[in-house]
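Survey of secondary and tertiary structure
Chain by chain, the residues:
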Amino acid sequence: MGLNLDDKKAVVAEVSAKVAKAQAIVLAEYRGLEVGDMTSLRAKARSSCVYLRVLKNTLARRAVTGTPFESLAQHMVGPLAYGISADPVAAAKVLNEFAKANERFVIKAGAMPGQVMTPKQVATLATMPSREELLAKLMGTMQAPIAMFVRTLNEVPSKLVRTLAAVRDQKQAA
C-alpha cells in the first residue's frame, strides 16, 4: 500500500530532521534478507543511537536535497536501508558488522558532510574507535601524569613509615 502525499511529506520531514543532525549516512542493500535478521539489525542500530530506515529512494533524495549529503543521491538505487547517525563511526560500525555476518546485506555507499565514501572507506571508518572510546583514551592519557605525581608524593611518607617500622622491629628484636 502506497503512502498518500501527506504521509510522504511527513516521512521526508522526519528524515530531513535526522539528516540535519547527522555526521554520517550509510546506504546498504538488503535484497533477500529475512525479516528476523532485519529486526535484529534494527535493535542493534537503536541501541547504538543509529537511525535505521528503509525508504523509497525518491523520498530519501528529497530529504538530502540542500544538505551536505546531497551528492549521495546518485547512489540511491535499488532497495536500500539508510543508517543515519550523529556519531560519524556508529552507523558505519553497526552496518558493517551486520554485513560481515550476512552476505545478502551489502553496503553500497556512505557519506560524511560534503564527502561520499565507497564501501571500502565505510569499512575503514567502521574500524575506528567511537567518540566515547576516544574520549576515554584521552582522559586516561590526561590523568596519567597526575596519577604518577600523586604516587610520587605519597611515596615519601610511605618510605618514612616503612623506615620507622623497620627501626621499631629492630629494637624489639634486640
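The following paragraphs examine the structure supplied in this document. The structure presented is a predicted model; accordingly, all values stated were derived computationally and were not measured. (Residues numbered from 1 in each chain as written. Predicted model: local features only at pLDDT ≥ 70, side-chain atom pairs only at ≥ 80, totals over all residues. Heavy atoms only, no water.)

Take the overall build of the protein next. In terms of regular secondary structure, the protein is built from six helices and five strands. In the protein, the order of α-helices and β-strands from amino to carboxyl end is α-β-α-β-α-β-α-β-β-α-α. Computed over the C-alpha atoms, the radius of gyration of the protein is 27 Å, more than 25% above the 16 Å expected from 2.2 N^0.38 for a compact globule of 174 residues. Buried positions account for 32% of the 174 residues belonging to the protein. Considering only residue pairs separated by 6 or more positions, the protein has 80% of its internal contacts joining residues 24 or more positions apart. Here the protein displays about 11,100 Å² of accessible surface, and carbon together with sulfur accounts for 60% of that area. In the protein, the 24 positive side-chain charges and the 14 negative ones have mean positions that sit 4 Å from each other. (Helix = DSSP H or I, 4+ residues; strand = E, 2+ residues; numbered from the N terminus. Rg over C-alpha atoms; globule rule 2.2 N^0.38 Å. Buried < 20%, exposed > 50% of the residue type's maximum accessible area, 1.4 Å probe, protein only. Contact = heavy atoms within 4.5 Å. Areas by Shrake-Rupley, 256 points an atom, 1.4 Å probe, with all protein chains shown as cover. Lys, Arg positive; Asp, Glu negative; His and termini not counted. Charge placed at Lys NZ, Arg CZ, Asp CG, Glu CD.)

Before going further, it helps to spend a moment on helix α2 (residues 35-47). In a regular helix each residue adds 1.5 Å, so 13 residues correspond to 18 Å; α2 covers 19 Å between its end C-alpha atoms and thus fits that length. Along α2, the residues classified as buried are Met38, Leu41 and Ala45. One side of α2 carries all its buried residues, which in axial view fall inside an arc of 60°. Exposed side chains of α2 directed beyond 90 degrees from the buried face belong to Gly36, Arg46 and Ser47. Looking at the buried side of α2, the elements it contacts are β2 (51-54), β3 (80-85) and α4 (90-101). (Expected span 1.5 Å × (residues − 1). Arc of directions from axis to C-beta.)

This part takes up the layout of surface pockets. Within this model, the largest pocket holds a volume of roughly 220 Å³. Lining of the largest pocket is provided by 15 residues; of these, Cys49, Ile84, Ser85, Ala86 and Asp87 occupy positions nearest its centre. Only α1 (5-21) and β3 provide two or more residues apiece to the lining of the largest pocket. Here the lining of the largest pocket gets three residues from one element, more than from any other, and that element is α1. Residue composition of the lining of the largest pocket, by class: eight nonpolar, three polar and four charged. (1 Å grid on protein atoms, 1.4 Å probe; cavity = no way out; pocket = protein on both sides within 12 Å on 5 of 7 lines; lining within 4 Å. Points joined across faces, edges and corners; volume = space filled by probe spheres on them. Nonpolar A, V, L, I, M, F, W, Y, C, P; charged D, E, K, R; others polar.)

Our next topic: the sheet that holds strand β5 (residues 115-117). The five strands are arranged β2-β3-β1-β4-β5 in an open sheet whose pairing can be described as antiparallel. Each end of this open sheet is capped by a strand with a single partner; those strands are β2 and β5. Mean inter-strand twist for the sheet, computed between neighbouring axes without regard to direction, equals 20°. Pairing analysis gives three bridges linking strand β4 (residues 106-112) to β5, with the strands arranged antiparallel. (Pairing = 2+ DSSP bridges. Axes fitted to C-alpha atoms, helices over the stretch in contact; angles between N-to-C directions.)

A word on the side chain of Asp87. With respect to the element layout, Asp87 can be found in the loop between β3 and α4. In this structure Asp87 touches Gln23, Ala24, Ser130, Arg131 and Glu132, once residues within four positions along its chain are discounted.

A few words now on the packing of aromatic side chains. Throughout the structure, instances matching the rule amount to one aromatic pair. Ring centres of Phe98 and Phe105 lie 5.0 Å apart, and the angle between their planes is 85°; on these two criteria the pair is classed as edge-to-face. For Phe98, a relative accessible area of 7% puts it in the buried group. (Phe/Tyr/Trp six-rings, centres within 6.5 Å; stacked < 30°, edge-to-face > 60°.)

Taken together, the side chains of Leu135, Leu138, Met139 and Met142 make up a nonpolar region of the molecular surface, amounting to roughly 370 Å² of accessible area. Secondary-structure assignment places Met142 in helix α6 (residues 131-173). (Patch = residues over 30% accessible without salt bridge, like charges linked within 9 Å, V, L, I, M, F, W, Y side chains within 5 Å. Salt bridge = Lys/Arg side-chain N within 4 Å of Asp/Glu carboxyl O.)

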